[in-house]
Amino acid sequence: MDIKPPLTREEVAERARLNPPPPPAKVVLITARSPNGVIGMEGNLPWMIREDLQHFKRVTTGKALIVGSRTYRSMPAIVWQTRIAHVLSRNWQALEVHGNEHHFASCLAGLVNSARHNYAAPGEVYIGGGAEVYALALQLGLVDEMLISEIHQNYIGDVFFPPVPEGMFDAGTVEAEYPEFNVVRYRRLVAN
Ligand SMILES: NC(=O)c1ccc[n+]([C@@H]2O[C@H](COP(=O)([O-])OP(=O)(O)OC[C@H]3O[C@@H](n4cnc5c(N)ncnc54)[C@H](OP(=O)(O)O)[C@@H]3O)[C@@H](O)[C@H]2O)c1
């Protein structure tokens, strides 16, 4: 039998240089909010803006999407046929399964890590709300970028986007403009 000698340290380093591991997936928080901070109303979106739904679909299809159990329940089951569900709940055993692939857990950092590890190929994973999950993700420093549909008009609502720690993100770059909202990307300034 042909037994190969172990690689030297230099050979290991050279192999790593030639085949670097893919960069870890970016964690992008995606939301739509009105100027008064509203993101939800009675368990749903307070508005019906077709272009924003299309934007959300375009950006998140085929990606890992991390949400809290309330947002998971509020979304039509069809959403989960084309996204990889990652759902945060203290009682995840009771969640109904939608879609082909799903991950349920009670630890947000664990869910985000698993999404980044297992679904790094598309380059980014998405945190899709709601307010409790956004707040926790920001507090734990898990967010690399925020992709926010900044809606022009105020809406009445009962769920609000949480405060963002001062100095954590840049001033934002407008990536698209629609009649009812702009899509703005905010990049993290302070390293994780
Ligand atoms: N405008 C937007 O872009 C947007 C996006 C998403 C959602 N929304 C809206 O936001 C609203 C829902 O947001 P929400 O803040 O009420 O709920 P949520 O964040 O979607 O889900 C809250 C649930 O997450 C679980 N959870 C939260 N913290 C946890 C922790 N530390 N450990 C384990 N599990 C935890 C709990 O699930 P269990 O109770 O199962 O334990 C909790 O009830 C809806 O109105 C929705 O339409 C808006």
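J.: Any chance you could explain the overall build of the protein chain here in plain terms?
T.: The number of helices and strands found in the protein chain is five helices and 10 strands. Along the three orthogonal principal directions, the C-alpha set of the protein chain runs to about 75 × 40 × 30 Å. When the 192 residues of the protein chain are sorted by exposure, 30% land in the buried category. If you take every contact in the protein chain between residues at least 6 apart in sequence, the share linking residues at least 24 apart comes to 65%.

J.: Would you mind showing me how to read the site of the ligand here?
T.: Taken together, 26 residues are adjacent to the ligand, and Gly 40, Gly 68, Ser 89, Gly 129 and Gly 130 come closest. Split by residue class, the shell around the ligand holds nine nonpolar, 14 polar and three charged.

J.: Which parts of the structure should I look at to understand the nonpolar core?
T.: Generally speaking, a soluble globular protein has its nonpolar side chains buried in company with each other. Grouped together as the largest cluster of nonpolar side chains are 43 residues, with contacts concentrated most on Ile 66 and Ile 127. Sequence-distant contacts of Ile 66, defined by excluding residues within four places in its chain, comprise His 86, Leu 111, Val 112, Ala 115, Val 125, Tyr 126, Ile 127 and Gly 128.

J.: So what exactly am I meant to see when it comes to helix 2 (residues 50-60) here?
T.: Side chains three or four residues apart in an α-helix point the same way, a direct result of the helix having 3.6 residues per turn. Three or more residues of helix 2 are buried, namely His 55, Phe 56 and Thr 60. Here the buried residues of helix 2 occupy an arc of 105° about the axis, which is enough to place them on one side. Of the residues in helix 2, the exposed ones pointing more than 90 degrees away from the buried face are Arg 50, Gln 54, Lys 57 and Arg 58. Against the buried residues of helix 2 lie strand 1 (26-33), strand 3 (64-68), strand 6 (124-127), strand 7 (145-151) and strand 10 (181-187). Taken from the residues just after helix 2, Gly 62 is the one with a positive phi, measuring 85°.

J.: How should I be thinking about the sheet that holds strand 6 in this particular structure?
T.: For sheets, the rule is that strands pair by backbone hydrogen bonds, running either parallel or antiparallel. If you walk across this open sheet you meet the eight strands as 5-4-3-6-1-7-10-9, and the pairing is mixed. The open sheet terminates on both sides in strands that have one partner only, identified here as strand 5 (102-105) and strand 9 (173-177). Averaged over all adjacent pairs, the angle separating strand axes in this sheet is 20°, with direction ignored. In terms of strand pairing, strand 4 (residues 84-88) meets strand 5 through four bridges, oriented parallel.

J.: Help me understand unusual backbone geometry in this model?
T.: Trans is the prevailing form of peptide bonds, just as negative phi is the prevailing case for residues other than glycine. A cis amide bond links Gly 129 with the next residue in sequence, Gly 130, at an omega value of 0°. The topology assignment puts Gly 130 in the loop between strand 6 and helix 5 (131-139). One non-glycine residue, Glu 42, adopts positive backbone phi at about 50°. Accessibility expressed as a C-beta count within 10 Å gives 9 for Glu 42, which makes it exposed.

Rules used in this analysis
- Residues numbered from 1 in each chain as written.
- Predicted model: local features only at pLDDT ≥ 70, side-chain atom pairs only at ≥ 80, totals over all residues.
- Helix = DSSP H or I, 4+ residues; strand = E, 2+ residues; numbered from the N terminus.
- Buried ≥ 20, exposed ≤ 12 C-beta atoms within 10 Å, placed from the backbone.
- Contact = placed C-beta atoms within 7 Å.
- Near = placed C-beta within 6 Å.
- Nonpolar A, V, L, I, M, F, W, Y, C, P; charged D, E, K, R; others polar.
- Core = buried A, V, L, I, M, F, W, Y, C linked by C-beta atoms within 7 Å.
- Arc of directions from axis to C-beta.
- Pairing = 2+ DSSP bridges.
- Axes fitted to C-alpha atoms, helices over the stretch in contact; angles between N-to-C directions.

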